[in-house]
Amino acid sequence: RYYLERIERLDPRLRAYITVTPDQALSAAREADRRLAAGEDLPLLGLPVAIKDNICTRGIRTTCASKILENFVPPYDATVVERLKAAGAVLLGKTNLDEFAMGSSTENSTFFPTRNPWDLERVPGGSSGGSAAAVAADLCAASLGSDTGGSIRQPASFCGVVGFKPTYGRVSRYGLVAFASSLDQIGPLTRTVADAALVLQVIGGPDERDSTSWPEPQPDYLEALKAPVEGMKLGLVREAFGEGLSEEVRSVVEEAFRALKDLGCELREVSLPHMEYALAAYYIIAPAEASSNLARYDGVKYGFRAEGRDLLEMYKKTRSEGFGPEVKRRIMLGTYALSAGYYEAFYRKASQVRTLIRRDFEVAFREVDLLLLPASPTPAFRLGEKTDDPLQMYLSDIYTIPVNLAGLPGLSLPVGLAEGKLPVGLQVIGPQLADDRVLALAHHLE
Ligand code: GLN
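Residues numbered from 1 in each chain as written. Predicted model: local features only at pLDDT ≥ 70, side-chain atom pairs only at ≥ 80, totals over all residues.

Is there a simple way to explain the overall build of the chain in this structure?
Across its full length, the chain carries 15 helices and eleven strands. Its C-alpha atoms give the chain a radius of gyration of 21 Å, within 12% of the compact-globule value 22 Å for 446 residues. Seen through its C-alpha atoms, the chain measures out along the principal axes to roughly 70 × 65 × 45 Å. Counting over 446 residues, the chain shows a buried share of 55%. Taking the contacts inside the chain whose residues are at least 6 apart along the sequence as the reference set, 75% of them involve residues at least 24 apart. (Helix = DSSP H or I, 4+ residues; strand = E, 2+ residues; numbered from the N terminus. Rg over C-alpha atoms; globule rule 2.2 N^0.38 Å. Buried ≥ 20, exposed ≤ 12 C-beta atoms within 10 Å, placed from the backbone. Contact = placed C-beta atoms within 7 Å.)

Which parts of the structure should I look at to understand the nonpolar core?
If you look at soluble globular proteins, the nonpolar side chains tend to sit buried side by side. Grouped together as the largest cluster of nonpolar side chains are 130 residues, with contacts concentrated most on V49, L92, C140 and V428. The greatest single-element share of this core, amounting to nine residues, is contributed by helix α9 (residues 278–293). Each residue touching L92, except ones within four places of it in the same chain, is listed here: Y3, I7, V20, T21, A25, P48, V49, A50 and C140. (Core = buried A, V, L, I, M, F, W, Y, C linked by C-beta atoms within 7 Å.)

I'm lost on the site of the ligand in this one. Help?
A101, S104, T148, G149 and S151 are the nearest of the 13 residues found near the ligand. Residues of the shell around the ligand, tallied by class, amount to four nonpolar, seven polar and two charged. (Near = placed C-beta within 6 Å. Nonpolar A, V, L, I, M, F, W, Y, C, P; charged D, E, K, R; others polar.)

Teacher, can you tell me more about the packing of helix α6 (residues 193–203) against helix α15 (residues 435–445) here?
Pairs of packed helices are described in terms of their axes, by the angle between the two and the distance that separates them. It is the contact of α6 with α15, at a shortest axis distance of 9 Å, that shows an interaxial angle of 155 degrees. Viewed along their axes, α6 and α15 adopt a mutual orientation that is roughly antiparallel. Seen from α6, the contacting residues are V193, A194, A196 and A197; seen from α15, they are L439, A442 and H443. Its residues placed into classes, the contact of α6 with α15 shows six nonpolar, one polar and no charged. (Axes fitted to C-alpha atoms, helices over the stretch in contact; angles between N-to-C directions. Parallel < 35°, antiparallel > 145°, perpendicular 65-115°, else oblique.)

Teacher, can you tell me more about the pairing of strand β4 (residues 142–147) here?
The side chains of a regular strand alternate between both faces of the sheet. Counting buried positions along β4 gives six out of six residues, so the element sits mostly inside the fold. Side chains A142, L144 and S146 project from β4 onto one buried face, and the interleaved S143, G145 and D147 project onto a second face that is buried too. In this structure, β4 lies alongside strand β6 (residues 185–190), joined through six bridges in antiparallel fashion. Paired with L144 across the two strands is P188, which belongs to β6. (Pairing = 2+ DSSP bridges.)

How should the sheet that holds strand β7 (residues 233–237) be read in this particular structure?
Within a sheet, neighbouring strands are paired by backbone hydrogen bonds and run either parallel or antiparallel to one another. One open sheet holds the eleven strands; their spatial order is β1-β3-β2-β4-β6-β5-β10-β11-β9-β7-β8, and the pairing between them is mixed. The open sheet has two edge strands, β1 (17–20) and β8 (266–270), and neither has a second partner. Within this sheet the neighbouring strands show an average axis-to-axis angle of 30 degrees, counted without direction. In this sheet, β4 lies alongside strand β2 (residues 48–52) in parallel orientation, the contact comprising three bridges. Looking at β4, one finds that A50 is bridged to S143. Contacts from helix α1 (residues 2–14) reach β1, β2 and β3 (90–95) within the one sheet, and its direction differs from that of β1 by about 135 degrees.

Would you mind showing me how to read α1 here?
Since one α-helical turn is 3.6 residues long, residues separated by three or four positions face the same way. For α1, spanning 13 residues, the distance from its first C-alpha to its last is 17 Å, which sits close to the expected 18 Å at 1.5 Å a residue. Of all bends in α1, the biggest is about 40 degrees, found at E8, and the proline P12 comes one to four residues later. Within the span of α1, buried status applies to Y3, I7 and L14. Tucked inside the fold, the buried residues of α1 contact β1, β2, β3 and α4 (129–136). (Expected span 1.5 Å × (residues − 1). Bend = angle between axes of the 7 residues up to and from the residue.)

Teacher, can you tell me more about the environment of I60 here?
Relative to the helices and strands, I60 is located in the loop between β2 and α3 (79–86). Measuring from C-alpha to C-alpha, the distance between I60 and N71 comes to 9.7 Å, with eleven residues separating the pair along the chain. Ignoring any residue separated from it by four or fewer positions in sequence, one finds I60 in contact with T19, T21 and K94.

Could you clarify how one ought to interpret unusual backbone geometry in this entry?
Both trends apply: most residues other than glycine have a negative phi, and most peptide bonds are in trans. Residue S127 follows G126 across a cis peptide bond; omega there is 10 degrees. Structurally, S127 can be placed in the loop between β3 and α4. Backbone geometry at A65 places phi at a positive 50 degrees, although glycine is not the residue there. Relative to the assigned elements, A65 resides in the loop between β2 and α3. A residue is classified by how many C-beta atoms lie within 10 Å of it, and A65, with 32 of them, is buried. For E419, which is not a glycine, the phi torsion comes out positive at approximately 50 degrees. If you trace the backbone, E419 turns up in the loop between β10 (410–418) and β11 (422–429).

Any link to function would need more than the numbers given here.
This is the structure we're talking about:
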């Protein structure tokens, strides 16, 4: 009731939610009460959570903030949703995002933009902007987002909450509407690192329904938070501290470095020489995969269908009316990059660059235990500030995208306020499967 009351009062201005499900939430909460009274002990019993609206929820519409799925009601739960429910969590509703998770500000939602709770004239980041704003404004206790190129970490940074993208494969993608399958990963947005560990413990682990999920069981993340961080070697990524990084973010992040030294960590500079090509490679690979994944929305199998004289006209009208401008731009980019004659020059080249970036990380992790860089070059920007310039918008993810290309775990931790006003996130990156180490360091710094 506490959360539903806050949503009713505050969400008309913030617009973090696309769908709120008060009746289901109250009955799930009553059920949780009964189980508590009966002495049941479940990790998330009664915990009210929100889910990004590109994660399938049985019987609750899942729109991807797109007209093409506006009325799509999945007949099944994503694995993560199934596991949240089994752990006793209470679903409050579905949160806003950039259409099909393509964007960095939640302004690409076909319904409405979400606002940043710290300053209503600013964006919450994206694409998981609704999930980040909901946690920041206390409209849920925790939420789930998805991160293909930064969509958990960048909004977490803009909204001053913890956002964690686990190692690729740690969390099942079954039931996550695919954007770029080799990059997509679900993760928690929470108020504390311990909360993130708790939620990850529940949603993560092997799943037969996702062939890319890691077969080995997860470590005990909460236990791992206790590991000492003294003597840890931390690498500051040189390429991330050059031009392009705003002074206000730099000074907050540098203060966090001093705090880390006080914790007994050893800081040194490291280089990721191919990082400068990450954005270019990503904007070939992600659209290429998206153009293939989004081919299924043809008016026959899912959601919206436009009228047409024949099948071809129906396809064309459905897709031109159903998708928004950014999604169309990605489909065109991706289709072009995969076309005969261009494939070698674009997609294959980008895949090779991806390998170089992965190797850069491997080399760096021979020297250090974890890497540090800002989550985003600037704090939250104003609504409308970048909507006319896609390239400016894409630059917002320059520090997060390399991590997806390499499949590594990355966490954004709020470490201070830029000029005393807007939150700044420090990004902690670990080697593959070192999710527990990332969480431990962030926990000690928090
Ligand atoms: N902003 C990036 C994009 O638009 C990343 C999105 C994401 O992580 N889902 O593709």
